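A structural walkthrough
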Amino acid sequence: MTQNADWWRGAVIYQIYPRSFQDDTGNGTGDLRGITRRLDHVASLGVDAIWVSPFFTSPMADMGYDVADHRGIDPSFGTMEDFEAMVARAHELGLKVIIDQVFSHSSEEHPFFAESRQSRDNPKADWYIWADPKIDGTPPNNWLAIFGGPAWTWDSRRKQYYMHQFLPQQPDFNAHNPDVQDWIIDTMQFWLDKGVDGFRLDAINHLFHSADLQDNPPDWREKDEADSKPFEMQYPIHSKNQPENLKFMERVRDLLDAHPGTMAVGEIGEGHHPIERLTEYSKDGERLHMGYTLALAGAEFSAAHVRKQVEGFFAPGLDGYPCWAMSSHDFNRPVTRWADVAADQDAFAKLAGAVLLTLPGGICLYQGEELGQADTELARDEIVDPEGFAFWPEVKGRDASRTPMMWEAAAPQGGFSTADKTWLPTKPPQVARAVDTQDGVEGSVLETFRALLTLRRNETSLRTGDTVFLDVADPVLAFVRGADIVCVFNIGRDPVSVADIDTGDALLALNAKVDGDLHLGPNGVWIGKLAK
């Protein structure tokens, strides 16, 4: 493989959610051998790397993000030998391998927590965040958990509360403890020795908390009514985003710099100052290589919104590096979220992919995005996500975007599994968009993504060029990458024409043509090459 230490700049990373990618054991749940079998498809897209969501030992209270052994493989996914075979096959295909690491918390079944909760003076007593109750027995402060309720759970053995920013089954590590910090670095080294090329650090700005446990203030943003999630009604300035976090990111960078060609992208979950946080955590050459952001994935998809996010991140004085995504295992799929501006499912899937794959920075594609998949409609009794249980029906959880990848339309379960029942159901609208229905079909969503990825790989300007936005009227988004690639998009359902713009020679035109002016049909796309 090419040993380019900066391979991640402008790279496209394909996210694999192991439970839903490919089941090779017939138990209805995806596994590592299944991933290995399907890597040819990923390589055929033209991406640079895969990001594999957690496959570690876990009781699966949060589908693997509750880790009971950060260096072990959960038997439902296979063995360490299966993991090593997956890495080897990915490297044969020219794909880098990035794995999730969950260091802000563990499972309550982790041996460290089992020991920590036994007493206040055992060797792991200070590895988690423990606090005495208030005099009336209530939790030590007002911090709330993202999945609902207080961020504190009472433990009768220690007669203290432990902190969890997610589920009660996910106690938070005490990163202020130097032994915990050393263990995190040692765990990363363990996986580097296994041949991985990088890490996606889950919820990494949650790693440190304010040691004095001050109450969080109310959300500074004005709200007309209560949020469906109480956590969103606080401004969590004390429960996360502490300055110690940034210092520790420098230590993580030192580790990776000792292994040229490796990288880290951090998930910086932040609704209050997202751009500032992302740039802090991905300060060039000092901290993480990239800040993973779903800032584009809000309720609004418009030219103004995209321009605001990109220009904000690359504003003068900021020197971070973004990794953009429009969907993930935690977010709705674009064609569902933004149906209000979609001409039709295919056209919008291509438009969203074209916008994403022409942006400056790193890119994450989520499995099925290249097929134009929509969210799966699920009944209440079909969901398994704790977020859905907590906030139904206003928030139905994350399962709708986590249903299995579809490979062969005529095969049982869309080719995902031979089991009669899969962990989440396969349904006809998703099966109809299986890989084999689009592979080699001119104009399909899949082939359009392949064409876009080929352009990004071949055109240096699209990978690493500067970005200059053009002043055009909504709903048109237009910018020039580098000195020679012009990108124009109609984020709307009605045809539009754009005058006085140098379109160059067509590299990719979707429902678009030049006849004096540039004419874009509904969700039309124009990518052209300018004469130098």
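Quick look at the structure, then. (Residues numbered from 1 in each chain as written. Predicted model: local features only at pLDDT ≥ 70, side-chain atom pairs only at ≥ 80, totals over all residues. Heavy atoms only, no water.)

**Structural notes on the state of the cysteines**
Scanning the model with the defined rule gives zero disulfides in all. Left unpaired, cysteine 364 is separated from the closest cysteine sulfur, that of cysteine 323, by 3.6 Å. The structure places no disulfide on cysteine 487, whose sulfur is separated from the nearest cysteine sulfur, that of cysteine 323, by 18 Å. Cysteine 487 sits in the buried class, given a relative accessible area of 0%. (Disulfide = S-S within 2.5 Å. Buried < 20%, exposed > 50% of the residue type's maximum accessible area, 1.4 Å probe, protein only.)

**Thoughts on the nonpolar core**
Counting residues in hydrophobic clusters, the biggest one holds 107 residues, and the most contacted among them are Phe55, Phe83, Trp191, Phe301 and Phe489. Discounting chain neighbours no more than four positions away, the residues touching phenylalanine 489 are Leu351, Ala354, Val355, Thr358, Pro475, Val476, Leu477, Phe479, Leu520, Gly524 and Val525. Among the nonpolar cores identified, the runner-up in size contains 17 residues, and Ala11, Ile98, Met263 and Met290 belong to it. (Core = buried A, V, L, I, M, F, W, Y, C linked by side-chain atoms within 4.5 Å. Contact = heavy atoms within 4.5 Å.)

**Describing the pattern of salt bridges**
For the structure shown, the criterion picks out 34 salt bridges. The closest approach of N and O atoms between glutamate 280 and arginine 277, which form a salt bridge, is 3.4 Å. Here the residue glutamate 280 and the residue arginine 277 both occupy positions in helix H6 (residues 274–281), the gap between them amounting to three residues, near one helical turn. (Salt bridge = Lys/Arg side-chain N within 4 Å of Asp/Glu carboxyl O. Helix = DSSP H or I, 4+ residues; strand = E, 2+ residues; numbered from the N terminus.)

**Here we look at the packing of aromatic side chains**
Taken as a whole and judged by the stated rule, the model has 32 aromatic pairs. When the centroid spacing of 6.3 Å and the interplanar angle of 65° are considered together, the rings of tryptophan 338 and phenylalanine 348 count as edge-to-face. Here tryptophan 338 is found in the loop between helix H8 (334–337) and helix H9 (345–356), whereas its partner phenylalanine 348 is found in helix H9, with 10 residues between them in sequence. In this pair, the class of tryptophan 338 matches that of phenylalanine 348, namely buried. (Phe/Tyr/Trp six-rings, centres within 6.5 Å; stacked < 30°, edge-to-face > 60°.)

Keep in mind these numbers describe shape, not what the thing actually does.
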